[in-house]
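Structural characterization, general
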Amino acid sequence: MTVRILVFAGSARHESLNKRLARAGAAALQAAGAEVSLIDLADFEMPLYHGDLEASQGAPEAALGLSALLAGQDGLLLASPENNASVSALMKNTLDWLSRIEGGKAFAGKVAALSAASPGALGGLRGLNHLRDILHTLGVMTLPQSLALGSAHTAFGEDGQLLDARQQSRLDSLAANLVRQARLQQAA
Ligand SMILES: Cc1cc2nc3c(=O)[nH]c(=O)nc-3n(C[C@H](O)[C@H](O)[C@H](O)COP(=O)(O)O)c2cc1C
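On a predicted model such as this, the values are computed, not experimentally measured, just so you know. (Residues numbered from 1 in each chain as written. Predicted model: local features only at pLDDT ≥ 70, side-chain atom pairs only at ≥ 80, totals over all residues. Heavy atoms only, no water.)

**Re the packing of aromatic side chains**
One pass over the structure, following the stated rule, counts 1 aromatic pair. With 4.9 Å between their ring centres and 65° between their planes, Tyr 49 and Trp 97 make a pair best called edge-to-face. Remark: Trp 97 occurs in helix H4 (residues 89-99) and Tyr 49 occurs in the loop between strand E2 (35-38) and helix H2 (51-57); sequence separation between them is 48 residues. (Phe/Tyr/Trp six-rings, centres within 6.5 Å; stacked < 30°, edge-to-face > 60°. Helix = DSSP H or I, 4+ residues; strand = E, 2+ residues; numbered from the N terminus.)

**Some remarks on the pairing of strand E6 (residues 111-117)**
Of all 7 residues in E6, 7 are buried; the element is thus mostly enclosed. Neither face of E6 is exposed, since Val 111, Ala 113, Ser 115 and Ala 117 on one face and Ala 112, Leu 114 and Ala 116 on the opposite face are all buried. Pairing analysis gives 5 bridges linking strand E3 (residues 75-79) to E6, with the strands arranged parallel. Each bridged residue has a counterpart across the sheet, and for Leu 78 the counterpart in E6 is Leu 114. Pairing of E6 with strand E7 (residues 141-149) involves 6 bridges; the strand directions are parallel. If you follow Ala 112 over to E7, its bridge partner there is Thr 142. Handedness of the β-α-β unit built from E6, helix H5 (residues 125-137) and E7 comes out right-handed. (Buried < 20%, exposed > 50% of the residue type's maximum accessible area, 1.4 Å probe, protein only. Pairing = 2+ DSSP bridges. Right-handed = clockwise from strand over helix to strand, strands pointing away.)

**Focus on the side chain of Gln 168**
Inspection of the secondary structure assignment puts Gln 168 in helix H6 (residues 165-187). Since its relative accessible area comes to 8%, Gln 168 is described here as buried. Apart from residues no more than four positions distant in its own chain, Gln 168 is found in contact with Gln 161 and Leu 162. (Contact = heavy atoms within 4.5 Å.)

**Let's talk about the pattern of salt bridges**
Counted under the stated rule, the structure contains 7 salt bridges. Notably, a salt bridge pairs Glu 35 with Arg 4, separated by 3.4 Å at the nearest N-O pair. With Glu 35 in strand E2 and Arg 4 in strand E1 (residues 4-9), this pair connects stretches of sequence that are 31 residues apart. Its relative accessible area of 41% is what places Glu 35 among the partly exposed residues. (Salt bridge = Lys/Arg side-chain N within 4 Å of Asp/Glu carboxyl O.)

Keep in mind these values describe shape, not function.
If you want it as structure tokens, here you go:
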């Protein structure tokens, strides 16, 4: 059975390191047999969540579109920047809007793998703890393993793969485990 995985980074920045990691993760997922939807949140622009805005206009088109896309997936691979030891405002805002559409139904039964990229030494590890909590609140199961890529500004080769073979192997293993777990969820 086909396993469908949605992949995105919590940064819209053109030169985003997390977008690079998301691309490398998407390639690893494809190699592991998944059908991948790699999206850029720059194409899903949403206003900052505001209850009055929601009451007067409902969820923005971009959130409705992303929610519909997510509903058709078996899992998620997220590449999440770390801002002040937590998730980026863009990641949080996106998840908040999605959680408001039909009670966040699109998250139900999904499994997620978490990754982060940062120029710093810890690679965004602390933000991943917060992201994990948020996803659990939304009913998403997360893989216990994750990848926090430190010194990410020097980590990628021209082919988009990770220069350090051990890091690339960690990413490949994360992707393979996500596909395996999504298959188990499908069968359950
Ligand atoms: C407001 C702000 C807070 C940040 N806080 C952290 C942090 O806590 N830990 C960290 O490793 N990097 C931190 N950074 C650096 C980001 O990890 C870095 O800018 C990264 O490249 C952003 O992700 P992107 O390249 O995908 O856009 C911070 C950057 C900004 C703008």
